[in-house]
Every structure is written in structure tokens, then in C-alpha cells.
Amino acid sequence: MPEFDIAGFRLAFPEFSNLVTYPDSQITFWSGIGEALFITDRWRWVYTYGLQLFVAHSIALAAQNNAHPGMNRAPGSTSGPISNKHVGSVSYAYDSSSVMEENAGEWNATSYGRTLIRLARMIGAGALQV
């Protein structure tokens, strides 16, 4: 099994290049979990990309836990995507269902998770014959 390349991860996902916000230790932790979960023979040439998506999803969720420290939210608390917001006389609504993966649960919490679950479903389908 190839060793997870943190520098390669940061190149592929430059949004995680801040070493203070996203320390190597956090990336190493989540890549270790992913390496235990992903079967290299099944994922083959997309193994590294799938593992990178898993790491990105996991650390993005961790960042969401830290995003609103003054909001009296308990660590690990979650909420769904904003679908309605009112500020004065202005109202915003988002159709989040149009970008959600059906029956994907917590993988829908980040764009990385949605991409990962789509990829995993294709890999899990195996070879198709027409």
C-alpha cells in the first residue's frame, strides 16, 4: 500500500494548505483511518484520489466544528444546509436537494463526501456488461 503523500494532498486540495488550520498531524490521522477502510485492490488507480477525498471530507467536518466557537454549539453538533434565511426584508432560499446524493447520509455534509460517495458507488457496482 502506498504511503499517503501529504504534500500531494495539499497540491490536489490547495484549500487545505494552511498548516496551522490543517496541521499534518490531522491529515495523517484521517489518512490512517482511510487506509484501514479502503481496499486498494478494489479502488485500484483511483485509490489515492478516493483516500484524498475521504481525508478532505473528514477534516472539513472537523473545521465545521470549529467554525462558530461563540455560537454556544457543542463540539460535534451538526445542522443541515441552510434552506431559508431572512435578514430584514431580504430572504434567501437554497435548493440543497439538487446537489445532495440520495441515501448518502453524512457524506452529503461536504462536497468532498458527495464526490467520494458517487465514486464509491461506481466502484462498488463492479464491471457492467451490456
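What counts, and at which threshold
Residues numbered from 1 in each chain as written. Predicted model: local features only at pLDDT ≥ 70, side-chain atom pairs only at ≥ 80, totals over all residues. Heavy atoms only, no water. Helix = DSSP H or I, 4+ residues; strand = E, 2+ residues; numbered from the N terminus. Buried < 20%, exposed > 50% of the residue type's maximum accessible area, 1.4 Å probe, protein only. Contact = heavy atoms within 4.5 Å. Phe/Tyr/Trp six-rings, centres within 6.5 Å; stacked < 30°, edge-to-face > 60°. Expected span 1.5 Å × (residues − 1). Polar contact = N/O pair within 3.5 Å; in protein donor to acceptor, adjacent residues only side chain to side chain. Patch = residues over 30% accessible without salt bridge, like charges linked within 9 Å, V, L, I, M, F, W, Y side chains within 5 Å. Areas by Shrake-Rupley, 256 points an atom, 1.4 Å probe, with all protein chains shown as cover. Salt bridge = Lys/Arg side-chain N within 4 Å of Asp/Glu carboxyl O.

1. Notes on the side chain of H57
- Among the structural elements, H57 can be located in helix 4 (residues 47-66).
- By relative accessible area, H57 is classed as buried at 1%.
- Aside from chain neighbours lying at most four places away, what touches H57 is E106, W107, T110, Y112 and G113.

2. Section: the packing of aromatic side chains
- Considering all chains together, one arrives at 12 aromatic pairs under this definition.
- Judged by centre distance (5.7 Å) and plane angle (20 degrees), the ring pair of F9 and F16 falls under stacked. A single burial state applies to F9 and to F16, both of which are buried.
- Consider the rings of F38 and W43, whose centres lie 4.7 Å apart with planes at 55 degrees: the pair is tilted.

3. Some details on helix 4
- Look at helix 4: 29 Å from first C-alpha to last across 20 residues, which is about the 28 Å you get at 1.5 Å a residue.
- For helix 4, the full list of buried residues reads Y47, G50, L51, Q52, L53, F54, V55, A56, H57, S58, I59 and A60.

4. Notes on the environment of R10
- Relative to the assigned elements, R10 resides in helix 1 (residues 6-12).
- Using a relative accessible area of 12% as the deciding quantity, one classes R10 as buried.
- Residues R10 and Y22, spaced 12 residues apart in sequence, show a C-alpha to C-alpha distance of 9.9 Å.
- Excluding its chain neighbours within four sequence positions, the residues that come into contact with R10 are F16, S17, N18, L19, Y22, P23, D24 and I27.
- Among the polar contacts made by the side chain of R10, one reaches the main-chain carbonyl oxygen of Y22 at a distance of 2.7 Å.

5. Side note on a nonpolar patch on the surface
- Taken together, the side chains of F29, I33 and L37 define a hydrophobic patch exposed on the protein surface, amounting to about 290 Å² of accessible area.
- Within the secondary structure, I33 is located in helix 2 (residues 24-37).
- By relative accessible area, I33 is classed as partly exposed at 33%.

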